[in-house]
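# Understanding the architecture of this molecule
Single-letter residue listing:
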Amino acid sequence: MSPLLNIAAEEMENPLVPPIPELVIGLIAFVIVFGALAWKLLPNINKVLEDRREAIEGGIEKAEAAQTEAQSVLEQYKAQLAEARHEAARLRQEAQEQGAALIAEMRAEGQRQREEIIGAGHTQIEADRKAAALTLRQDIGTLAVTLAGKIVGESLDDHARQSRTIDRFLDELEEKAEASR
């Protein structure tokens with residue numbers, strides 16, 4: 001054969017189309033590998049995918065349950081917070097009322113003590129006035145008797161007579177003072 005014929009024969013064979021025996025062997029190998037994969041690997045893949053789907057669905061259900069529980073806890077918290085605020089307002093109101101009552105009680109006690117002090121002061125002043133009047137009366141009497149004794153020139157030592165005279169004199173002075181008012 002000539003070299004040109006060899007080139008022409010080679011050109012006639014299509015390089016894209018494999019020879020038939022190779023094609024049959026390749027097809028049989030493909031079916032064997034595909035069958036083995038489908039028989040062994042595909043059930044495992046399907047099982048893993050199913051487990052994953054169930055885990056995701058279970059996770060979603062758990063998330064929904066957790067969200068529902070969280071919402072319930074939030075509502076309970078809000079209710080407790082509202083109740084605590086109400087209780088705090090009530091306690092504040094009670095404290096204000098107790099404070100006002102305590103202030104009123106302290107004022108009443110202060111007023112009572114003031115009245116007692118004023119009453120005790122008036123009593124003390126009256127007692128002091130009476131004591132001063134008595135002392136003044138005695139001093140005036142003594143001075144009057146001494147002066148009368150000097151004027152008369154004799155001693156007026158009779159104490160009973162002295163007292164009666166002084167009392168009568170001072171009573172007359174008091175009557176004149178009251179009449180002039």
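Residues numbered from 1 in each chain as written. Predicted model: local features only at pLDDT ≥ 70, side-chain atom pairs only at ≥ 80, totals over all residues. Heavy atoms only, no water.

### A few points about the overall build of the protein
For the protein, the helix and strand inventory stands at three helices and zero strands. Residues counted as buried form 3% of the 181 residues belonging to the protein. By element, 63% of the accessible surface of the protein is carried by carbon and sulfur atoms, the whole surface being about 16,200 Å². (Helix = DSSP H or I, 4+ residues; strand = E, 2+ residues; numbered from the N terminus. Buried < 20%, exposed > 50% of the residue type's maximum accessible area, 1.4 Å probe, protein only. Areas by Shrake-Rupley, 256 points an atom, 1.4 Å probe, with all protein chains shown as cover.)

### With respect to the packing of aromatic side chains
In total, this model carries one aromatic pair according to the counting rule given. Considering the side-chain rings of Phe-30 and Phe-34, the 6.1 Å spacing of their centres and the 20° angle between planes classify their relative orientation as stacked. Separated by four residues within a single helix, Phe-30 and Phe-34 lie in helix H2 (residues 20–152), roughly one turn from each other. The residues Phe-30 and Phe-34 share a single accessibility class, namely exposed. (Phe/Tyr/Trp six-rings, centres within 6.5 Å; stacked < 30°, edge-to-face > 60°.)

Purely geometric stuff here, so don't read any function into it on its own.
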